[in-house]
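Take a look at the letters that make up each chain.
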There are 2 protein chains.
Amino acid sequence: MAKHDPDLSLLFHALSDPTRRAILTRLAGGPAAVTDLAAPTGLRLPTVMRHLAVLEEAGLIASAKEGRVRSCAIVPEALAPVHGWLDDQRALWEGRLDRLDDYVMRLMKETGHDD
Amino acid sequence: MAKHDPDLSLLFHALSDPTRRAILTRLAGGPAAVTDLAAPTGLRLPTVMRHLAVLEEAGLIASAKEGRVRSCAIVPEALAPVHGWLDDQRALWEGRLDRLDDYVMRLMKETGHDD
DNA sequence: TGATTACTTAGCCATATGGCTAAGCATGAT
DNA sequence: ATCATGCTTAGCCATATGGCTAAGTAATCA
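- As recorded by an unreviewed UniProt entry, chain A carries the name Helix-turn-helix transcriptional regulator and is attributed to Szabonella alba.

### Some thoughts on the protein's contact with DNA strand C
Line of reasoning, step 1. If you check the shell around DNA strand C, you find 21 residues, and the closest are T35 and R68 of chain A together with T47, H51 and R68 of chain B.
Line of reasoning, step 2. Near the protein, within 4 Å, the atoms of DNA strand C are sugar or phosphate in 75% of cases.
Line of reasoning, step 3. Note that a base oxygen of DNA strand C is positioned 2.7 Å from one of the side-chain N or O atoms of R68 of chain A.
Line of reasoning, step 4. Here a base nitrogen of DNA strand C sits 3.1 Å away from a polar atom, N or O, in the side chain of R50 of chain B.
Line of reasoning, step 5. Every element with two or more residues in the surface near DNA strand C is listed here: helix 3 (34-38), helix 4 (45-57) and strand 3 (69-74) of chain A together with helix 4 (45-57) of chain B.
Line of reasoning, step 6. In terms of residue count, the dominant contributor to the surface near DNA strand C is helix 4 of chain B (four residues).
Line of reasoning, step 7. Residues that form the surface near DNA strand C fall into these classes: eight nonpolar, five polar and eight charged.

### Here we look at the protein's contact with DNA strand D
Line of reasoning, step 1. As a matter of local geometry, DNA strand D sits amid 21 residues, with T47 and H51 of chain A together with T35, R68 and R70 of chain B nearest to it.
Line of reasoning, step 2. When atoms of DNA strand D within 4 Å of the protein are split into backbone and base, the sugar-phosphate part holds 72%.
Line of reasoning, step 3. One of the backbone N or O atoms of R44 of chain A is found 3.1 Å from a phosphate oxygen in DNA strand D.
Line of reasoning, step 4. Of all elements in the fold, only helix 4 of chain A together with helix 3 (34-38), helix 4 and strand 3 (69-74) of chain B reach the threshold of two or more residues within the surface near DNA strand D.
Line of reasoning, step 5. When residues in the surface near DNA strand D are grouped by element, the largest group, four residues, is from helix 4 of chain A.

### Digging into the packing of aromatic side chains
Line of reasoning, step 1. In total, this model carries three aromatic pairs over all chains according to the counting rule given.
Line of reasoning, step 2. Here the aromatic rings of F12 of chain A and W85 of chain A are separated by 5.7 Å at their centres, their planes lie at 80°, and the arrangement is edge-to-face. Residue F12 of chain A is found in helix 1 (residues 6-15), and its partner W85 of chain A is found in helix 5 (residues 80-95); the two are separated by 73 residues along the sequence.
Line of reasoning, step 3. In textbook terms, an aromatic cluster arises when at least three aromatic residues are bridged by ring pairs, as seen for F12 and W85 of chain A together with F12 and W85 of chain B.

What counts and how
Residues numbered from 1 in each chain as written. Chains lettered and ligands numbered in written order. Predicted model: local features only at pLDDT ≥ 70, side-chain atom pairs only at ≥ 80, totals over all residues. Heavy atoms only, no water. Near = heavy atom within 4 Å. Polar contact = N/O pair within 3.5 Å; in protein donor to acceptor, adjacent residues only side chain to side chain. Helix = DSSP H or I, 4+ residues; strand = E, 2+ residues; numbered from the N terminus. Nonpolar A, V, L, I, M, F, W, Y, C, P; charged D, E, K, R; others polar. Phe/Tyr/Trp six-rings, centres within 6.5 Å; stacked < 30°, edge-to-face > 60°.

Here it is as structure tokens:
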């Protein structure tokens, strides 16, 4: 198990960092330059650059350089695979809820609790 | 930026691995023992155990030991924060689509393309 | 031309991650 | 009582991640 869905892995990994999520939220308000994105993080430019690189490799943002300034913007469609996977899972999970409830009930009775 | 939402970070990180996602999908079909979960992965037991630990720390699964067998089951509500964050973002992102479109159009004209 | 500004690249460092083997320990079967 | 089963722990290893400083490069501005 280490090949399928590189998209999902890249996306989830990109979203797993608070700094990167904050950057995305900030970009939701409109495009911004690298320096402007770095300011509120308290991190150094190279560090922020790498976070941006991770976001861009995941396809979550796009950037373009105008003069000496690089502007970054979100790519809204990029979250589609994530929504898709989550919806699929939710369907599966909910579809099995009864069986899981039964199972949990049985465990409760037999062991008292977990572990 | 390195403190808020430990939940989301844990969840997204847990979901960022294909093996872990495969385990979740498998568990959607009903609870399973550690050995049964390990089989299809081609990985060794200790390795799978650690994946399970990550999933459990994120709250995505729960496990209970019956005799010498540990059974694992998904925790459906666990995905709620993820759905929540994604929906919030989608709302934000879509709310700004016009502005982003304008921006992209402008970039296209000015630079020809990205970078 | 020269100084700023805004990235960019290179490279170091500590910790985390994902894989493994080798033992250990408790439970169920013989 | 013994042995097999199923997990568990400990610990090693290579690579990845997230942070930094220092030293570029390229575009403005004075």
